[in-house]
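Residue-level structural notes
Listed below, chain by chain, are the residues.
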Amino acid sequence: MKKLLVALLVFVLMGSGAAQAHQPVELLKTDTTAAKGPLLVDGTISFAIRASFTKAGEKKGFRAQLQEGDALNFQYLIMDKKPENALKMTQLPTLVVTGPGGFKTTMKLNERTKFLETFSQTMYLYLGRHSSVAKSGVYSFLLTSRGKASITLGVGDKEIPGEVLRGPAPTPTASAKASANASASPTIAGYTMAQVKANNSAKSCWAVVDDYVYDLTKWINSHPGGPGAIVSLCGTDATASFKAQHQNQAKPAVRLDSYKMGPLQK
Ligand code: HEM
């Protein structure tokens, strides 16, 4: 009963979007490659990816999108209870991560460090950790089982709500097309102001201009008017600031358009 209550509480806390520790994402049977699995839109936000396998040779994958210079952090964990904590390292799934610029690493399972997950009061064991500086692009994570086992991968460290997409990664052309078609296509829900507000730093900088959402992260250090002018817009409705500076100027308007993500959901 106590367990059920704790589980329910975790569900309520997670569901409400309140302060979150490692948002859970369960990999499905159909997530057999990284491309078929979910996409973490911002891989610096804290997620707990859970994967269960019933026998050897099963594959499950997902992707995480990162910007140039972001921290690429991921950890390999199991629950500190049977049967997982009785398995040898060689019986656990292998994890191979590939990414932009020829990045490829196989996770080394070389530690057994206890870690108490405070939400669920569950004791975990860290078996391996990776930390490096990311290149801009999508990182692919692929697990291959070597027997029955359930594991958890921790990705990212920012404790804010994050977005998880299923389906192909959005490409600039696809999102430009989507926003061009936005009025004709009511199925495109767009982005909420809460999501914009969550991307309020130079690491991930979203802003609204005239009811469209823009990802200005890559523009910060290229802006001829200085990075400060853009950083101060991160996470805000920047319509007034943009117009005050650049009303009726072609170059800023064209540049802005190249960062369009989609309409603001109202
Ligand atoms: C969404 C945001 C913005 C975009 C996409 C943007 C884009 C641009 C572009 C393309 C230029 C070069 C224009 C040219 O060569 O003709 C420029 C210049 C400039 N921007 Fe922005 N801008 C943005 C926001 C702002 C804001 C909020 C400010 C001020 C608070 C600002 C201040 C300036 C200044 C002062 C210059 C001229 C720099 C110079 O030529 O010395 N910009 N911006």
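To be clear, the structure that these remarks concern was listed above.
Anyway, here's the lowdown on the structure attached to this text. Owing to the predicted nature of the structure, the values given are computational and were not obtained by experimental measurement.

A tally of regular secondary structure across the chain gives six helices and 17 strands. Relative to its full complement of 266 residues, the chain shows a buried share of 43%. Within the chain, contacts between residues separated by at least 24 positions form 75% of all contacts whose residues are at least 6 apart in sequence. Accessible surface computed for the chain: about 14,200 Å², of which carbon and sulfur atoms make up 60%.

A word on the nonpolar core. One finds I49, Y76, L95 and L143 to be the most contacted residues of the largest nonpolar core, which totals 31 residues. Looking at this core, the elements that each hand over two or more residues are β3 (47-53), β4 (56-66), β5 (71-79), β6 (94-99), β9 (122-133), β10 (137-146) and β11 (149-155). Beyond its immediate stretch of four places on either side in the chain, L143 contacts L27, A51, F53, E58, K59, K60, Y76, P93, T94, L95, I151 and L153. Residues A207, L216, I220 and F242 belong to the second largest nonpolar core, which totals 14 residues.

Our focus in this paragraph is the site of the ligand. The local shell around the ligand holds 14 residues, among which W219, H223, P224, Q245 and H246 are the closest. One nitrogen or oxygen atom from the side chain of H223 is found 2.8 Å from a nitrogen atom belonging to the ligand. The side chain of H246 places a nitrogen or oxygen atom 2.8 Å from a nitrogen atom of the ligand. Of all the secondary structure elements, the ones that give two or more residues to the shell around the ligand are α4 (227-231), α5 (239-246) and α6 (250-257). Residues belonging to the shell around the ligand are distributed by class as follows: nine nonpolar, four polar and one charged.

According to the stated counting rule, one finds six salt bridges in the structure shown. For R129, the salt bridge identified is with E111, shortest N-O distance 2.9 Å. On the criterion of sequence distance, the pair formed by R129 in strand β9 and E111 in the loop between β7 (103-106) and β8 (113-117) is long-range, its members being 18 residues apart. Using a relative accessible area of 44% as the deciding quantity, one classes R129 as partly exposed.

Analysis parameters
- Residues numbered from 1 in each chain as written.
- Predicted model: local features only at pLDDT ≥ 70, side-chain atom pairs only at ≥ 80, totals over all residues.
- Heavy atoms only, no water.
- Helix = DSSP H or I, 4+ residues; strand = E, 2+ residues; numbered from the N terminus.
- Buried < 20%, exposed > 50% of the residue type's maximum accessible area, 1.4 Å probe, protein only.
- Contact = heavy atoms within 4.5 Å.
- Areas by Shrake-Rupley, 256 points an atom, 1.4 Å probe, with all protein chains shown as cover.
- Core = buried A, V, L, I, M, F, W, Y, C linked by side-chain atoms within 4.5 Å.
- Near = heavy atom within 4 Å.
- Polar contact = N/O pair within 3.5 Å; in protein donor to acceptor, adjacent residues only side chain to side chain.
- Nonpolar A, V, L, I, M, F, W, Y, C, P; charged D, E, K, R; others polar.
- Salt bridge = Lys/Arg side-chain N within 4 Å of Asp/Glu carboxyl O.

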